[in-house]
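Summary of the model geometry
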Amino acid sequence: MAQLWGGRFTKETDRLVYDFNASIGFDRRLFHEDIEGSMAHVTMLAKQGILTEGERDEILEGLTGIRQDVDAGTIEIDEGCEDIHSFAEAELIRRIGDTGKKLHTGRSRNDQVALDMRLYTRKHVAEVDGLLKDLLAVILAAMEENIGTYMPGFTHLQKAQPTTLAHHYGAYFEMFRRDRQRMADIYERMNYCPLGAGALAGTTYPLDRDYTASLLGFAGPTLNSMDSVSDRDYLIEFLAALSTVMMHLSRFSEEIIIWNSNEYQFVEIDDAYSTGSSIMPQKKNPDIAELVRGKTGRVYGALMSLLTTMKGIPLAYNKDMQEDKELTFDAIDTVEDCLALFTGMLRTMRFRKERMAESAMNGFTNATDAADYLVGKGVPFRDAHGIIGRLVLYCVDKGSSIDRLSLEELQRISDKFEADIYDAISLKTCVEKRLTIGGPGAEAMRTVIEKQKSYLAEESLAERNKTE
Ligand code: ARG
C-alpha cells in the first residue's frame, strides 16, 4: 500500500478501505496528462525561482524517462499505488531521489486531478468533434449524390409528402452540425487552467499561473481557487452534449433499422456491418444500428449519475468527485466507438432507389399537391382539402391512386380538374416545386449543399487548437 500521506497516522489503513478509496484502477488513464501537468508545473516553479534550474532539469528528465518506459512497456503502472499521481511521484523519487520530493511544491492532488481531467476531456472534446466531422462528410457526399433520389417523407411514421434522400439526410446533417457547435462551445468555456489552486485556497508560493496555463495551451488560469478544484460543470456539459449526439445517432439508427427491414427494403446494410443468426440461416441483422441505439442509455446514465453525484457537494473538493472518472471515460469510449462504427456503416450502405421512389408514389403522398392544384384553379384551400379527401376515399375503395384515375373520374368529383393535373401531381413536380430554402427541390438542395461544403472546409477544433 503505497500512499503519500502516512505522517499523521498511527495505524495502517484497513485493506478494504484502501481498495475502496484507491483510483489507480481507472485514473491510470490520466498518466500522460499527469506527466504533462507536472512538467509544466516544475518549469513554472523554476522560472519563479522556487526550484533551481538544475532541479527542474533533473525532474524533467526523470518524468521523461518514466513516460518513455511506461509507453514502451518497460515498466508497468504500479496498481499498488493509491492513484496515478502517487505512482508518478513515487516512481520519480525512486529514480532521482530527494529532488523528486520537490515536485509537489505548491500543488495539491486536488488541483492536479482537476488539471489532468481537464486536459483529458479537452482532448476528447476535439476528438469527438473530428469524428462528427467525418460523419458529416459521409452524409454530405450521400446528399450530393441523391438530390434526385425520391422517397416518401413521413409524419407519425405514415407516408406524408414526397421528398428526397438528400433532403432526409440533410436533416441529420443539421443535427450533427449543432453537435459540433456544442463541442466548440464546451471547449472554449472549459479551456482554463486550474493548476495553482492548491488544495482549495491557492498557495503562498509566488506561482505564475498565467505561465503554467500558457505552457499547457489554456486561454488563461481559472479565477477562483475553490471553484477550480470543485468544478465539474465542463464534464456535465460534455456528457449532456454526448447524450445529444447519442440521441441523434439513435434516431438515425432506428430509421436505418426500419429502412433495412424486409417490409421497407429502402437500404441494404453492407455484409461487413451486419451479423447473422445462429438458427435462422436467412437472417442478416442490423446489429450495429441496434447497438448504437442501445448504448444511448448508458451515456444518458453517465450524465444522470454525475449530476446526482454533484448535487449536494459543499465547497470545495470532496472525494465524491472521484466518481466523475469511470462514467466519463465510459461515455467517451462509447460515443467515439459509436461514431466511428456508424460512419463506416453509413458509408458502405446501399440505397434501393427504385424501391424508395415506388414507395413515394403510393400512399397518397401527392394529396397535398392535388389540393394545391385546385387552389390554383380558384378553389379555396379548405374546400380543396375536402374534395381531395373524398377523392382519396374513392381511390382507397377502388385500390387505385389519384394519378391513376381517368380525367373523367376526376371531373366527376370536381369540374376544376383538367389534363394538366397529371403533371401537377407527378412525383417529380411534387418534389421539385418545393424550392424555398430548406425544402427538397433540387435547386434549394444545391444551395444548401454548397453552404454545408464551405462549412465543412473550415478548420476542426483539433486543427484550430494544436496543443500537442
Ligand atoms: N483520486 C482523486 C480524485 O479522483 C484525486 C484527488 C485526491 N485528493 C484528495 N484530497 N484525496 O478525485
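Read on for a plain summary of the structure. (Residues numbered from 1 in each chain as written. Predicted model: local features only at pLDDT ≥ 70, side-chain atom pairs only at ≥ 80, totals over all residues. Heavy atoms only, no water.)

Quick look at the overall build of the chain
Tallying secondary structure elements over the chain gives 20 helices and six strands in all. A compact globule built from 468 residues should have a C-alpha radius of gyration of about 23 Å, whereas the chain, at 30 Å, is more than 25% larger. Taking the principal axes of the C-alpha coordinates as reference, the chain spans close to 100 × 50 × 40 Å. Going through the 468 residues of the chain one by one, you find that 49% of them count as buried. (Helix = DSSP H or I, 4+ residues; strand = E, 2+ residues; numbered from the N terminus. Rg over C-alpha atoms; globule rule 2.2 N^0.38 Å. Buried < 20%, exposed > 50% of the residue type's maximum accessible area, 1.4 Å probe, protein only.)

Some words on the site of the ligand
Every residue near the ligand is listed here: Ser 23, Asp 27, His 85, Arg 109, Asn 110, Val 113, Tyr 317, Lys 319, Gln 322 and Lys 325. Take Ser 23: an N or O atom from its side chain is 3.1 Å from a nitrogen atom of the ligand. Within the side chain of Lys 325, a nitrogen or oxygen atom sits 2.6 Å from an oxygen atom of the ligand. Here the ligand, which alone exposes 340 Å², has 87% of that area covered by the protein. If you tally residues by element for the shell around the ligand, the top one is helix α6 (residues 109-145), at three residues. Along the lines of polarity and charge, the residues of the shell around the ligand split into two nonpolar, four polar and four charged. (Near = heavy atom within 4 Å. Polar contact = N/O pair within 3.5 Å; in protein donor to acceptor, adjacent residues only side chain to side chain. Areas by Shrake-Rupley, 256 points an atom, 1.4 Å probe, with all protein chains shown as cover. Nonpolar A, V, L, I, M, F, W, Y, C, P; charged D, E, K, R; others polar.)

Some remarks on the pattern of salt bridges
Enumeration according to the criterion identifies 32 salt bridges in this entry. With a closest N to O distance of 2.4 Å, Arg 293 and Glu 254 form a salt bridge. With a gap of 39 residues between them, Arg 293 in helix α11 (residues 287-310) and Glu 254 in helix α10 (residues 233-259) connect regions that are remote in the sequence. Glu 268 serves as the salt-bridge partner of Arg 350, at 3.8 Å between the closest nitrogen and oxygen. A residue pair is termed long-range when its members are at least 10 positions apart, and Arg 350 in strand β6 (residues 350-351) and Glu 268 in strand β5 (residues 267-268) qualify at 82 residues. Linked by salt bridges that have partners in common, Glu 268, Asp 270, Asp 271, Lys 284, Arg 350 and Arg 352 make up one network. (Salt bridge = Lys/Arg side-chain N within 4 Å of Asp/Glu carboxyl O.)

Brief notes about the nonpolar core
Counting residues in hydrophobic clusters, the biggest one holds 95 residues, and the most contacted among them are Phe 87, Ile 139, Tyr 169, Met 183, Leu 242, Leu 249 and Leu 346. Not counting residues within four places of it along the chain, the set of residues in contact with Leu 346 comprises Leu 135, Val 138, Ile 139, Tyr 169, Phe 252 and Ile 256. Core analysis: the next-biggest nonpolar cluster, separate from the first, contains 19 residues, Ala 367, Val 379, Leu 410 and Ile 425 among them. (Core = buried A, V, L, I, M, F, W, Y, C linked by side-chain atoms within 4.5 Å. Contact = heavy atoms within 4.5 Å.)

Some thoughts on unusual backbone geometry
Going from Leu 315 to Ala 316, the amide bond is cis rather than trans, its omega being 0°. With respect to the helices and strands, Ala 316 occurs in the loop between α11 and α12 (324-348). If you check the backbone angles, Leu 157 has positive phi at about 55° while not being a glycine. Tracing the sequence through the fold places Leu 157 in the loop between β1 (150-155) and β2 (158-164). Of the residues examined, Leu 157 reaches a relative accessible area of 52% and is grouped as exposed. Phi at Phe 364 is positive, roughly 60°, even though this residue is not glycine. Counting through the fold element by element, Phe 364 comes out in the loop between α13 (353-361) and α14 (367-376). Looking at Phe 364, the relative accessible area reads 22%, which means it is partly exposed.

Concerning the packing of helix α7 (residues 165-190) against helix α19 (residues 442-456)
The axes of two packed helices give the description: the angle between them and the distance between them. Between α7 and α19, the shortest axis-to-axis distance is 12 Å and the interhelical angle comes to 30°. In this view, α7 runs roughly parallel relative to α19, as classed from their interaxial angle. Like other packed secondary-structure pairs, α7 and α19 cross with a definite hand, here left-handed. Each of Ala 166, His 167, Phe 173, Glu 174, Arg 177 and Arg 180 in α7 lies in contact with α19, whose residues at this interface are Met 445, Gln 452, Tyr 455 and Leu 456. Residue composition of the contact of α7 with α19, by class: five nonpolar, two polar and three charged. (Axes fitted to C-alpha atoms, helices over the stretch in contact; angles between N-to-C directions. Parallel < 35°, antiparallel > 145°, perpendicular 65-115°, else oblique. Left-handed = near helix turned anticlockwise from the far one by under 90°.)

Focus: the side chain of Asp 83
Within the secondary structure, Asp 83 sits in the loop between α4 (53-72) and α5 (84-96). Judged by its relative accessible area of 5%, Asp 83 is buried. Among the polar contacts listed, one links the side chain of Asp 83 to the side chain of Ser 86, at a separation of 2.5 Å. Excluding residues that lie within four positions of it along the chain, Asp 83 makes contacts with Ser 23, Ile 24, Asp 27 and Arg 109.

Details of the side chain of Glu 82
The topology assignment puts Glu 82 in the loop between α4 and α5. For Glu 82, the side chain forms a polar contact with the side chain of Arg 109, separated by 3.2 Å.

A word on α4
Across its 20 residues, α4 extends 28 Å between first and last C-alpha, which sits within 8% of the 28 Å expected from 1.5 Å per residue. The set of residues buried in α4 consists of Glu 55, Arg 56, Ile 59, Gly 62, Leu 63, Gly 65, Ile 66 and Val 70. The elements touched by buried residues of α4 are α3 (31-47) and α5. Downstream of α4 by a residue or two, Gly 73 has a phi angle that is positive, lying close to 80°. (Expected span 1.5 Å × (residues − 1).)

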